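Okay, here's what each chain looks like letter by letter:
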Amino acid sequence: MQNGRLAAWYFAYFAFIGAFQPYFALYLQELGLPAQRIAWLMALSPAMRLVAPLCGSWFAARIGRRVRAVSVVSATMAAALLCFCGVLATREFWGLALALLSMHFFWSASLPLVEALTLKSLEHRPEDYGRIRLWGSLGFIVTVMGIGWLLDHVGIAIVPWLDAAMILATLLASLALREAPLTPSAHAAEPLAGLYRGKMLALCLASLCMVAAHGALYVFYSIHLVAHGYDKSAIGALWVLGVAAEIAVFLSMPYWSKRVSYRAILLASFALAAVRFVMIGWGAESIVCLLLAQLLHGASFGAHHVATLMTLNRWFSARRQAHAQALYGSVAYGAGGLIGAVLAGELWVRVGSSWTYGAASVLALVGLMLIWRGVEE
C-alpha cells in the first residue's frame, strides 16, 4: 500500500516538472523576455535545490520526535502552491522571480525526504527503487505529451495554470503518505563525517558536472528545436522518448545491478552523456540524430540517477539517508543545476547553440574522470 502511495506522489511531482520544464521557458519567451533573463528565471529551480533540501532534512530531523517527515512534505507542498499563485498574478520579471524563488524553495525541500522514505520502505530490496520511481517518469510523459498537444491548439498563456494544477495534485498525493518504520541497517555504513570527504565528495562533484551538463537541455532544448522548425507536438514527443528510455532503464536496473558494478554503470552514463550532447548540438537538423540522442537520456539521467542513489544507499545507513540525499541533491541538482542554467544562458548568447551543447559534453567528460579517479568499486 505504501509503495502505491509513493508511486502516486512521484507521478504527481514529476507531472509538474513535465508541465513546467519543457514549456515554461516558451511562456517566458512569449512574454518578451530575452534569453539571459529566461535562463536566470529557469535557474531559480536549481538555485533553491542548493539550499532547500538541506534545510528540509535539517528541519525534519529537528522536529522528528514531534512531527512526521511526511507532514513536512505536505506543508512544503502547500507553501509551494501558495507561492506559485504569484506567477499567475504578474508578467513582470522581478515579480516572476520572487514568486518562482519562493515556490522552488518549498518545492525542492520535499524530494530528498521522499527519496529517503522510499529507500527506508525498500530497505531489504533497494533494487526495486526504480519500479516505484518510474511512476514519476510516467507522470512526466503524460503532462509533456498532453500539454504539447494542447499548446498546438490553444495559447501559451495556459501554461502557468496547468503548472498550478500539478502542484495541487502533488499536495493531495502527499497527504496520503505514511511514515516508514526505521529498522536497523543490515549493512555497514559510514558515519556522518563520511558525507563530507573522499569518495562522497567525488560522487557529488561528478553529479554536479552531469546535472550542469543538462542545463542547456533543460533550459533551451525546446527553444533549440523550435529554431530548427519542429512543432510543439514533435518537441513533446522527443521529450517523451527520452523519459521512455529512462523508464526502460529503471525497469532493467535490477538485472544490470546483479551483473555490473554501480561504478561501471556510472562511467558508462557519463561517457554516453558526452556523446548525447554533441549529437543534440550538431545534429538537430536530423530527426534520426535527435531520436538517438533522446534514447541516451536513459543513460545520462536514468542510469546515473539510480546508480548514484544505490551507491548512497550502500554507503550510508537508513538513519543517514535523508542527510545524504539532501547533500547530494544540494550539490548535484542545486549547485550543478544553477551553474548549468546560468552557463547555458551565457554561452547561448555568446557562442550559439552548438557550442553550448559542446560545453555540456565537456562537463560530462569531467564527471567521468571524477568517477574514474575518486569512486572505487
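For the structure, see preceding data.
Here goes a summary of the coordinates provided. (Residues numbered from 1 in each chain as written. Predicted model: local features only at pLDDT ≥ 70, side-chain atom pairs only at ≥ 80, totals over all residues. Heavy atoms only, no water.)

### Description of the packing of helix α1 (residues 2-20) against helix α6 (residues 93-121)
Here's step 1: It is at 11 Å that the axes of α1 and α6 come closest, and there the two elements cross at 150°. Considering the angle they form, α1 stands roughly antiparallel to α6. Our pair here, α1 against α6, has a crossing hand that is left-handed. In contact with Gln2, Leu6, Trp9, Tyr10, Tyr13, Phe16 and Phe20 of α1, α6 contributes Leu100, Met103, His104, Trp107, Ser108, Ser110, Leu111, Val114, Glu115, Leu117, Thr118 and Ser121. (Axes fitted to C-alpha atoms, helices over the stretch in contact; angles between N-to-C directions. Helix = DSSP H or I, 4+ residues; strand = E, 2+ residues; numbered from the N terminus. Parallel < 35°, antiparallel > 145°, perpendicular 65-115°, else oblique. Left-handed = near helix turned anticlockwise from the far one by under 90°. Contact = heavy atoms within 4.5 Å.)

### Description of the environment of glutamine 21
Here's step 1: Relative to the helices and strands, glutamine 21 resides in the loop between α1 and α2 (24-30).
Here's step 2: The exposure class of glutamine 21 is buried, given its relative accessible area of 18%.
Here's step 3: The sequence separation of glutamine 21 and leucine 217 amounts to 196 residues, and the corresponding C-alpha distance is 9.9 Å.
Here's step 4: The contact partners of glutamine 21, leaving out residues within four places of it in the chain, are Met42, Phe140, Tyr218 and Trp239. (Buried < 20%, exposed > 50% of the residue type's maximum accessible area, 1.4 Å probe, protein only.)

### Let's talk about helix α13 (residues 287-295)
Here's step 1: Regarding α13, the residues found buried are Cys289, Leu290, Ala293 and Gln294. One side of α13 carries all its buried residues, which in axial view fall inside an arc of 130°.
Here's step 2: Buried residues along α13 sit against α10 (215-227), α11 (232-257), α12 (262-282) and α14 (297-315). (Arc of directions from axis to C-beta.)

### With respect to a nonpolar patch on the surface
Here's step 1: Taken together, the side chains of Ile287, Val288, Leu291, Leu292 and Leu295 present a nonpolar region at the surface, about 420 Å² in accessible area.
Here's step 2: The partly exposed category is assigned to leucine 291, whose relative accessible area is 36%. (Patch = residues over 30% accessible without salt bridge, like charges linked within 9 Å, V, L, I, M, F, W, Y side chains within 5 Å. Areas by Shrake-Rupley, 256 points an atom, 1.4 Å probe, with all protein chains shown as cover. Salt bridge = Lys/Arg side-chain N within 4 Å of Asp/Glu carboxyl O.)

### Digging into the nonpolar core
Here's step 1: Of all hydrophobic cores here, the largest spans 124 residues; its most connected members are Trp9, Phe24, Leu28, Leu41, Leu100, Met103 and Tyr221.
Here's step 2: Ranked by residue count, the leading element in this core is α6, at 12 residues.
Here's step 3: Setting aside anything within four residues of it in sequence, one finds methionine 103 in contact with Phe16, Ala80, Cys83, Phe84 and Ile167. (Core = buried A, V, L, I, M, F, W, Y, C linked by side-chain atoms within 4.5 Å.)

### So, helix α8 (residues 159-174)
Here's step 1: Along its 16 residues, α8 runs 23 Å from first to last C-alpha, staying within 8% of the 22 Å computed at 1.5 Å per residue.
Here's step 2: For α8, the set of buried residues is Val159, Pro160, Asp163, Ala164, Ile167, Thr170, Leu171, Ala173 and Ser174. (Expected span 1.5 Å × (residues − 1).)

### Some points on the packing of helix α9 (residues 198-213) against α14
Here's step 1: The interhelical angle for the contact between α9 and α14, taken along N-to-C directions, is 165°, at an axis separation of 12 Å. Between α9 and α14, the interaxial angle falls into the category roughly antiparallel. The handedness of the crossing between α9 and α14 is left-handed. Facing α9, whose interface residues are Lys199, Met200, Leu203, Ser207 and Met210, α14 presents Ser300, His304, Thr308, Thr311, Leu312 and Trp315.
Here's step 2: Residue composition of the contact of α9 with α14, grouped by class: five nonpolar, five polar and one charged. (Nonpolar A, V, L, I, M, F, W, Y, C, P; charged D, E, K, R; others polar.)

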